[in-house]
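# Inside the fold
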Amino acid sequence: MKHLRTVDDVMTHAVISVDHDTAFKDIVETMRIWNVITLPVLAVDGRVTGVVSEADLLLNSRGTDPDRATTAERLMTRPAVTVTKDATIPAAARLMARRHLKRLPVVDGDGRLIGVVSRGDLLKVYLRPDADIGAEIRELIMYQLVPRGSAEIHVHVASGVAYLYGSLTDPKLEDVVVRAAGTVPGVVDVKADFTVPVAA
């Protein structure tokens, strides 16, 4: 069972990029061929130094025919907004929303490009089968949160909604269990009733 928790779980590893010297028309052609609207701009050592987007191209063309001197280095937005592969999916989603971005370059600890993640990639967590989500919730609750033998909880997931019912010997755990279930990727809501005994 694949737990989708970090950017590394959903990112695309094959990335199209350009270097500082790539000319305006070559950038346009690369975007057209690969059907992308942004391209990371890399230094010689592979570090991401900026990002050039369709908006950057339009702002810098000014209705004229750019010459070969109009390169990615002149056009790009800097510094690039990036994310590391171990960033959580919610953290990457918040960064995208806050900066109004559709794609983020993924970098290693030295700032070198290793992938790209899009809004669509982050939404993959909501395409997980209900059975996988339910199995992860059960594992989280029964093996990590609740002392062995102190609870009897049934988990059912339908369309991303987690239904929990059963009994807990410690009422203080109820809120912890509900909040923990809500952190499992793919869960859109949690409904719990710990007054309903699990059928034998």
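Placed above this text is the structure.
Figured I'd write up the structure that's included with this text. Here the structure is a predicted model, which is why all the values come from computation and not from measurement. (Residues numbered from 1 in each chain as written. Predicted model: local features only at pLDDT ≥ 70, side-chain atom pairs only at ≥ 80, totals over all residues. Heavy atoms only, no water.)

### Description of the sheet that holds strand β6 (residues 113-118)
With mixed pairing, the three strands of this open sheet are ordered in space as β4-β5-β6. Strand pairing shows two members of the sheet lacking a second neighbour, β4 (83-84) and β6, which therefore form its edges. As judged from the two bridges shared by β4 and strand β5 (residues 103-107), these two strands associate in the parallel manner. Bridging from a neighbouring strand, Thr 84 pairs with Val 107 of β5. Across the sheet, helix α5 (residues 89-99) is in contact with β4, β5 and β6; its angle to β5 comes to roughly 130°. (Pairing = 2+ DSSP bridges. Helix = DSSP H or I, 4+ residues; strand = E, 2+ residues; numbered from the N terminus. Contact = heavy atoms within 4.5 Å. Axes fitted to C-alpha atoms, helices over the stretch in contact; angles between N-to-C directions.)

### Focus on the packing of helix α7 (residues 130-145) against helix α8 (residues 173-182)
Axis separation between α7 and α8 bottoms out at 10 Å; the angle between their running directions is 140°. Looking at the two axes, α7 sits oblique to α8. In this structure, α7 crosses over α8, and the sense of that crossing is right-handed. For the pair formed by α7 and α8, the contact residues are Ile 137, Leu 140, Ile 141 and Leu 145 on the first element and Leu 173, Val 176, Val 177, Ala 180 and Ala 181 on the second. Each residue belonging to the contact of α7 with α8 can be placed in one class, and the counts come to nine nonpolar, no polar and no charged. (Parallel < 35°, antiparallel > 145°, perpendicular 65-115°, else oblique. Left-handed = near helix turned anticlockwise from the far one by under 90°. Nonpolar A, V, L, I, M, F, W, Y, C, P; charged D, E, K, R; others polar.)

### Quick word on unusual backbone geometry
With an omega of -10°, the peptide bond between Arg 78 and Pro 79 qualifies as cis. Along the polypeptide, Pro 79 turns up in the loop between α4 (72-75) and β4. Phi is positive for His 100, which is not a glycine, with a value near 55°. Assignment of secondary structure puts His 100 in the loop between α5 and β5. Looking at His 100, the relative accessible area reads 68%, which means it is exposed. The residue Ser 159 is not glycine, and still its phi comes out positive at about 55°. (Buried < 20%, exposed > 50% of the residue type's maximum accessible area, 1.4 Å probe, protein only.)

### Let's talk about the nonpolar core
Grouped together as the largest cluster of nonpolar side chains are 20 residues, with contacts concentrated most on Ile 137, Ile 141, Ile 153, Leu 164, Leu 168, Val 177 and Val 187. Of all the elements in the fold, those that place two or more residues in this core are α7, β7 (151-158), β8 (161-168) and α8. Judged by nonpolar contacts, the second largest core, of 15 residues, contains Val 7, Val 81, Ala 92 and Val 106. (Core = buried A, V, L, I, M, F, W, Y, C linked by side-chain atoms within 4.5 Å.)

### Brief notes about the environment of Tyr 126
Tracing the backbone shows Tyr 126 in the loop between α6 (119-122) and α7. Through-space distance from the C-alpha of Tyr 126 to that of Val 10 is 12 Å; in sequence the pair is 116 residues apart. Look past the residues within four positions of Tyr 126 in its chain and what remains in contact with it is Gly 186, Val 187 and Val 188.

### Digging into the sheet that holds strand β1 (residues 18-19)
Spatially, β1-β2-β3 is the arrangement adopted by the three strands of the open sheet, whose pairing is mixed. A single partner strand is all that each edge strand has here, and the edge strands are β1 and β3 (48-53). Bridge count for β1 against strand β2 (residues 38-42) is two bridges, and the pairing is parallel. Each bridged residue has a counterpart across the sheet, and for Asp 19 the counterpart in β2 is Leu 42.

### Here we look at the packing of helix α2 (residues 24-34) against helix α3 (residues 54-61)
In contact at an axis separation of 11 Å, α2 and α3 are set at 145° when each is read in the N-to-C sense. Along this stretch, α2 crosses α3, giving a crossing that reads as left-handed. Only Glu 54, Leu 57 and Ser 61 of α3 make contact with α2, whose side of the interface consists of Phe 24, Ile 27, Val 28 and Met 31. Taken together, the residues of the contact of α2 with α3 break down into five nonpolar, one polar and one charged.

### Focus: α7
Look at α7: 21 Å from first C-alpha to last across 16 residues, which is about the 22 Å you get at 1.5 Å a residue. All of the buried residues along α7 are Ile 133, Gly 134, Glu 136, Ile 137, Leu 140 and Ile 141. Within α7, the buried residues cover an arc of 165° as seen down the axis, which keeps them to one side. Exposed and facing more than 90 degrees away from the buried side of α7 are Ala 131 and Tyr 143. Buried residues belonging to α7 abut β7, β8 and α8. (Expected span 1.5 Å × (residues − 1). Arc of directions from axis to C-beta.)

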